[in-house]
Amino acid sequence: MTVGGSPARFKRTARRNRRNGDSIPRPPPAAPEEAAGCSVDGLRLPSEPAAILPKDFFLVDSLELAPRLLGKFLRRDEVVLQITEVEAYRPNDSACHGRFGITSRTAPVFGPGGHAYVYLCYGLHTMLNVVADKEGVGAAVLIRSCAPISGLGTIEERRGRKAEKPVLLTGPGKVGQALGITTAWSNHPLYTRGGLEVLDGPAPEKILVGPRVGIQYALPEHITAPWRFAIAGTPWISAPKNTLHPP
């Protein structure tokens with residue numbers, strides 16, 4: 001199977017260091033077809049070609065969709081990323097953009113599940129969200145971190161840095177930059193071929209949960225709600241990590 005363009009090549013230094021007892025994380029394999037069915041740094045790669053997820057996959061509560069997105073793939077052209085960390089945003093959630101009602105910016109959040117909701121944070125960082133649930137609900141899942149699977153050269157060019165370490169993709173703004181998307185992608189259907197797609201992938205063996213990041217403006221019960229989810233055992237997770245724990 002070929003997913004996205006030419007496979008990236010990673011150095012093997014980290015693997016040797018791990019065998020010697022160091023804790024330097026080893027990046028995941030360059031492309032799913034090179035290690036089909038194996039598990040690396042908490043990421044399991046598929047043994048069969050990944051298909052685009054159907055629209056029905058997204059038509060559930062964001063709190064259910066969020067952990068289901070872990071291990072799935074984002075693809076745009078030659079770039080393929082595996083989703084490693086997400087956050088759920090729900091209706092009547094004081095941290096959700098839906099709290100502002102339907103505006104020109106937030107309208108995609110109230111659209112049908114499976115569409116993209118893309119916004120700028122601080123006018124700089126492009127944040128990719130996957131809209132959840134039925135039309136009119138107003139819920140989404142923020143993609144916080146990913147692991148590079150294919151198109152590393154393009155990812156590095158878009159990010160403006162060369163790196164094999166998780167700092168390359170651990171943060172929602174970094175993910176948006178790596179995919180090369182803008183707010184023009186907001187409302188794009190992620191279940192159709194071409195452009196930006198969400199592909200099927202294996203569910204992680206173990207996950208971590210914890211409170212969401214950077215929502216100090218929200219109500220106390222929403223600040224502490226354990227609506228952040230990450231794949232256990234992978235270094236491709238954003239800070240802070242010490243608030244994540246097994247469910």
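In the block above lies the structure referred to throughout.
Along each chain, residues carry numbers from 1 onward, in the same order as the chain's sequence is written. Only residues with pLDDT of at least 70 get local features here, since the model is predicted, and only at 80 or more are side-chain atom pairs given and counted; chain-wide, interface and lining totals rely on the full set of residues. Only hydrogens and water are removed before side-chain values are computed, so all heavy atoms of the structure are retained for them.

Caption draft 1: Focus on the nonpolar core. Within the largest apolar cluster, 43 residues are counted, with the highest numbers of intra-cluster contacts made by Leu69, Leu74 and Ile143. Whether two residues are in contact is decided by their heavy atoms, any of which lying within 4.5 Å being enough. Setting aside anything within four residues of it in sequence, one finds Leu69 in contact with Phe57, Phe58, Ile83, Val86, Val130, Val141, Ile143 and Val198. Among the buried residues, those of types Ala, Val, Leu, Ile, Met, Phe, Trp, Tyr and Cys that are joined through side-chain atoms within 4.5 Å form a nonpolar core. Only protein chains enter the area calculation, which uses a 1.4 Å probe; residues under 20% of their type maximum are buried, those over 50% are exposed, and those in between are partly exposed.

Caption draft 2: Geometry of helix H3 (residues 152–159). Put simply, DSSP marks the helices as runs of H or I at least four residues long and the strands as runs of E at least two long, and each gets a number from the N terminus on. Taken together, the buried positions of H3 are occupied by Leu152, Thr154, Ile155, Glu156 and Arg159. Count one or two residues on from H3 and you reach Gly160, which has phi positive near 75 degrees.

Caption draft 3: A look at the pairing of strand E3 (residues 73–76). Side-chain alternation along E3 places Phe73 and Arg75 on one buried face and Leu74 and Arg76 on a second face that is also buried. A pair of strands is labelled paired if DSSP reports no fewer than 2 bridges between them. Here E3 pairs with strand E4 (residues 79–89) via 4 bridges, running antiparallel. Counted as the bridge partner of Arg76 is Val79 from E4. Linking two consecutive strands that pair antiparallel, namely E3 and E4, is a turn of 2 residues; a positive phi of about 55 degrees is found at Asp77 within it.

Caption draft 4: Fine view of unusual backbone geometry. With an omega dihedral of -5 degrees, the bond running from Ala239 to Pro240 counts as a cis peptide bond. Positionally, Pro240 belongs in the segment after strand E10 (228–231). Phi is positive for Asp77, close to 55 degrees, though the residue is something other than glycine. Despite not being glycine, Asn92 has its phi angle at roughly 60 degrees, a positive value. With respect to the helices and strands, Asn92 occurs in the loop between E4 and strand E5 (116–121). Judged by its relative accessible area of 78%, Asn92 is exposed.

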